[in-house]
Amino acid sequence: MKLYHGSTVIVEKPFVSYGRDNLDFGKGFYTTNLIEQAEKWVQRFIVLGNKGIVNIYDFDEREIETRCRYKFFPEYNEEWLDFILACRSGSKIYEEFDIIQGGVANDKVFNTVELFFQDLIDKSTALKRLKYAKTNNQICFINQDILDTVLHFEASYELKDNN
């Protein structure tokens, strides 16, 4: 499977320790199997005057079942919401896994998550709103040894400003 990572640089050798804390699935190296999603992410860098690089990787997903502690969230649901909130609140729950895959808390989804996080809406209302959100996809690598084994850099390209 092809995976993509948006950055300001070419990332031939990804490191899980370089990621920021308190993200959707904790600290790790984030990728997606949706090229449009990676390109949209890169546009954020370009708008700020930086280079926008889409890195392309080959991912041997067969390794997930045999070697990895893998967590998959197939949809925005209560388990996903609780996990996102725990990670964004500083919990290290993500360290129980090597790879985590599921929906992205993008702008529309993030607004709902924030409203719930701030107790402005209840969980039931949040889940009803998330039911209609288009699920994007992110695959976060938590374990460096697993990452080094299953993800292989293939190429990269610079994305230019859409304007």
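Check the entry above for the structure.
Residues numbered from 1 in each chain as written. Predicted model: local features only at pLDDT ≥ 70, side-chain atom pairs only at ≥ 80, totals over all residues. Heavy atoms only, no water.

### Looking at the pairing of strand 6 (residues 138-141)
Quick note on the threshold: Three exposure classes are used, based on accessible area relative to the maximum for each residue type with a 1.4 Å probe and protein chains only: buried under 20%, partly exposed in between, and exposed over 50%. Here a helix means four or more residues in a row that DSSP labels H or I, a strand means two or more in a row labelled E, and each is numbered from the N terminus. Here the rule is simple: two strands pair whenever DSSP picks up at least two bridges between them.
Across the two faces of strand 6 the burial is the same, with Gln138 and Cys140 and Ile139 and Phe141 all buried. Across three bridges, the pairing between strand 2 (residues 29-31) and strand 6 is antiparallel. Bridge pairing links Tyr30 to Cys140 in strand 6. Taken together, the four bridges between strand 5 (residues 99-102) and strand 6 define a ladder with antiparallel strand orientation. Looking across to strand 6, one finds that Gly102 is bridged to Gln138.

### Looking at the pattern of salt bridges
Keep this limit in mind: Any carboxyl oxygen of Asp or Glu within 4 Å of a side-chain nitrogen of Lys or Arg constitutes a salt bridge here.
All told, the structure shown has ten salt bridges when counted by the stated rule. Three or more residues are tied together by salt bridges with common partners; here these are Glu78, Asp82 and Lys123.

### Structural notes on the nonpolar core
Here is the rule we go by: By convention a nonpolar core is built from buried Ala, Val, Leu, Ile, Met, Phe, Trp, Tyr and Cys residues, the set being connected through side-chain atoms within 4.5 Å.
Phe25, Trp80, Leu81, Phe83 and Ile100 are the most contacted members of the largest nonpolar core, which totals 21 residues. At the level of elements, helix 3 (78-88), helix 4 (107-117) and helix 5 (123-130) are the ones that each hand at least two residues to this core. Here this core takes six residues from helix 3, the largest share from any one element. With 15 residues, the next largest nonpolar core counts Leu3, Phe29, Tyr57 and Ile99 among its residues.

### Thoughts on the sheet that holds strand 4 (residues 70-72)
Note the following rule: Lines are fitted to the C-alpha atoms to define the axes, a helix being fitted only along its stretch in contact, and any angle between axes, read from their N-to-C directions, falls within 0 to 180 degrees.
The mixed open sheet is built from four strands, whose spatial order is 2-6-5-4. Looking along the sheet, the strands with just one partner apiece sit at the ends: strand 2 and strand 4. When the angles between neighbouring strand axes are averaged without regard to direction, this sheet yields 15°.

### Considering the environment of Ile35
Our working definition: The contact rule is simple, with two residues in contact once any of their heavy atoms fall within 4.5 Å.
Locating Ile35 in the fold gives a position in helix 1 (residues 35-47). Owing to a relative accessible area of 27%, Ile35 belongs among the partly exposed residues under this scheme. Taking the C-alpha atoms as reference, Ile35 lies 9.0 Å from Lys2; in sequence the two are 33 residues apart. Excluding residues that lie within four positions of it along the chain, Ile35 makes contacts with Tyr4 and Tyr157.

None of the figures reported here should be taken as evidence of function without further support.
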